[in-house]
Amino acid sequence: MIRFMAALLACTCLTSGLGQLQPRTEFTVDFKHLATSRDPNAAGTVRVETLGSLRRTTLTLKGLAPRTVYAAHYHALAPNYTGDPCLSNGPVTVGFPTFTSDSQGRATTTMLTATKKIADNAGAYINVHVQRDLSIIPLCAVMTGSPSSQPAATNAPNVNVPTPNRPLTQTIRIVDNAFQPKTLTIAVGTTVEWTNQGRVSHNVLSTTGAFGSDDLPAGSTFRHTFTRAGTFPYYCSYHEGMAATIVVTGP
Ligand SMILES: [Cu+2]
């Protein structure tokens, strides 16, 4: 009898555990085409699903240039920005894995991330970039990251999110053409700040899509806060062999 009860209990727990992991579609948002001569027929949708404390964001795109590598990022609004989010030129918060369109110009990419990383202003909008020139942005979708929010067509994104305390910042110099230091070891919660001290533009792209900058012209800076332990290789897409690694230690 006791064995039977234990089996029943285990079964109940397992069932409810699985129940929480069933993805739930929160909302979908249409991409809009930005004023660029590139990919004039580009269109697509964003689908956002919840799995426990995670969000899965799936981009389904068409009308792209065939067999072309694209990048996509969640962006936050620039500070105090109140205009069209797609024109705010705000910082990257989370990057999608890069993806390649098929011979018909169709593509999908999907990314799983902690809901809090794309909540509120951190998930203000998604840009689709041409990977070899991130300044070309054919598509943009206005988003909000919080579970209760509807697409920002009806809800203005919150532009006054307080910045969290940043316990520590470590800097990496970008030169022509290298990251210095090549390997940086930091604790969880550390913000890394890359500054381009070279003369030409570079970028900072995680090989797994965990983070990614837009183009960084000479003198500009990109920041990313590392919230989980792991090894994070990254590279510059413009310069062959320009690559480095962040090692994040801790809980
Ligand atoms: Cu570079």
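Analysis parameters
- Residues numbered from 1 in each chain as written.
- Predicted model: local features only at pLDDT ≥ 70, side-chain atom pairs only at ≥ 80, totals over all residues.
- Heavy atoms only, no water.
- Helix = DSSP H or I, 4+ residues; strand = E, 2+ residues; numbered from the N terminus.
- Buried < 20%, exposed > 50% of the residue type's maximum accessible area, 1.4 Å probe, protein only.
- Contact = heavy atoms within 4.5 Å.
- Pairing = 2+ DSSP bridges.
- Axes fitted to C-alpha atoms, helices over the stretch in contact; angles between N-to-C directions.
- Salt bridge = Lys/Arg side-chain N within 4 Å of Asp/Glu carboxyl O.
- Polar contact = N/O pair within 3.5 Å; in protein donor to acceptor, adjacent residues only side chain to side chain.
- Core = buried A, V, L, I, M, F, W, Y, C linked by side-chain atoms within 4.5 Å.
- Phe/Tyr/Trp six-rings, centres within 6.5 Å; stacked < 30°, edge-to-face > 60°.

**As for the overall build of the protein chain**
When its secondary structure is counted, the protein chain shows one helix and 18 strands. In the protein chain, buried positions account for 43% of the 251 residues. At a minimum sequence separation of 6, the contacts of the protein chain that also span at least 24 residues come to 61%.

**Description of the sheet that holds strand β16 (residues 221-225)**
An order of β12-β11-β14-β16 is seen for the four strands of this open sheet, with the pairing classed as mixed. Each having just a single partner strand, β12 (178-180) and β16 make up the two edges of the open sheet. Going across the sheet, the axis of each strand differs from the next one's by a mean of 25 degrees, ignoring polarity.

**Focus on the pattern of salt bridges**
A full pass over the atoms with the stated rule returns four salt bridges. Among the salt bridges present, the one from glutamate 49 reaches arginine 56, with a minimum N-O distance of 3.0 Å. Glutamate 49 sits in the buried class, given a relative accessible area of 7%. Arginine 106 serves as the salt-bridge partner of aspartate 102, at 3.2 Å between the closest nitrogen and oxygen. Among the residues examined, arginine 106 registers a relative accessible area of 47% and is labelled partly exposed. Among the ionic contacts, a cluster of salt bridges with common partners joins Arg47, Glu49 and Arg56.

**Looking at the sheet that holds strand β17 (residues 230-235)**
One open sheet accounts for four strands, arranged β13-β18-β17-β15; its pairing is mixed. Looking at strand neighbours, the two that pair on one side only are β13 (183-187) and β15 (205-206), the edges of this open sheet.

**What to know about the environment of threonine 110**
One can find threonine 110 in strand β8 (residues 107-114). Residues threonine 110 and alanine 72, 38 residues apart in the sequence, show an inter-C-alpha distance of 10.0 Å. Among all residues touching threonine 110, those that are not within four sequence positions of it are Arg56, Thr57, Thr58, Phe96 and Pro97. Within the structure, threonine 110 has its side chain in polar contact with the backbone oxygen of threonine 57 (distance 3.3 Å). A polar contact is formed between the side chain of threonine 110 and the side chain of threonine 58, at a distance of 3.0 Å.

**Considerations on the pairing of strand β4 (residues 54-62)**
Direction of pairing for strand β3 (residues 43-51) relative to β4: antiparallel, over a ladder of nine bridges. If you follow alanine 43 over to β4, its bridge partner there is lysine 62. Between β3 and β4, which pair antiparallel in sequence order, lie two residues; one of them, glycine 52, sits at a positive phi of approximately 60 degrees. Judged from the eight bridges that link them, β4 and β8 form a sheet pairing that is antiparallel. The residue of β8 that forms the bridge with leucine 61 is alanine 107.

**Brief notes about unusual backbone geometry**
Of the consecutive residues aspartate 176 and asparagine 177, the connecting peptide bond is found in the cis state with omega at 0 degrees. Within the fold, asparagine 177 resides in the loop between β11 (169-175) and β12. At the junction of glutamine 180 and proline 181, the peptide bond is cis and its omega measures out at 0 degrees in the coordinates. Mapped onto the elements of the fold, proline 181 is located in the loop between β12 and β13. Of note in the backbone geometry, arginine 67 takes a positive phi value of approximately 45 degrees without being a glycine. As for its placement among the helices and strands, arginine 67 is situated in the loop between β4 and β5 (69-75).

**Concerning the nonpolar core**
Most often, soluble globular proteins have nonpolar side chains that are buried together. The biggest cluster of nonpolar side chains holds 25 residues, and the ones touching the most others in it are Phe31, Val46, Leu59, Tyr74, Val128 and Met143. Put simply, the parts of the chain that give this core at least two residues each are β1 (24-30), β3, β4, β5, β8, β9 (125-130) and β10 (139-142). For phenylalanine 31, the contacting residues outside a window of four places in its chain are Gly44, Thr45, Val46, Leu59, Leu61, Ile126, Val128, Leu139, Cys140 and Ala141. Formed by 21 residues, the second largest nonpolar core is a distinct cluster that contains Val92, Ile172, Val192 and Phe222.

**Some thoughts on the packing of aromatic side chains**
Any two aromatic rings considered together are summarised by their centre-to-centre distance and by the angle between their planes. Across all of its chains, the model carries nine aromatic pairs by this definition. Judged by centre distance (6.1 Å) and plane angle (20 degrees), the rings of tyrosine 70 and phenylalanine 99 are stacked. With tyrosine 70 in strand β5 and phenylalanine 99 in strand β7 (residues 99-100), the pair connects residues that are 29 residues apart, well separated along the chain. On the accessibility criterion, phenylalanine 99 (6% relative accessible area) is buried.

In short, the description is geometric, and any link to function would need to be established separately.
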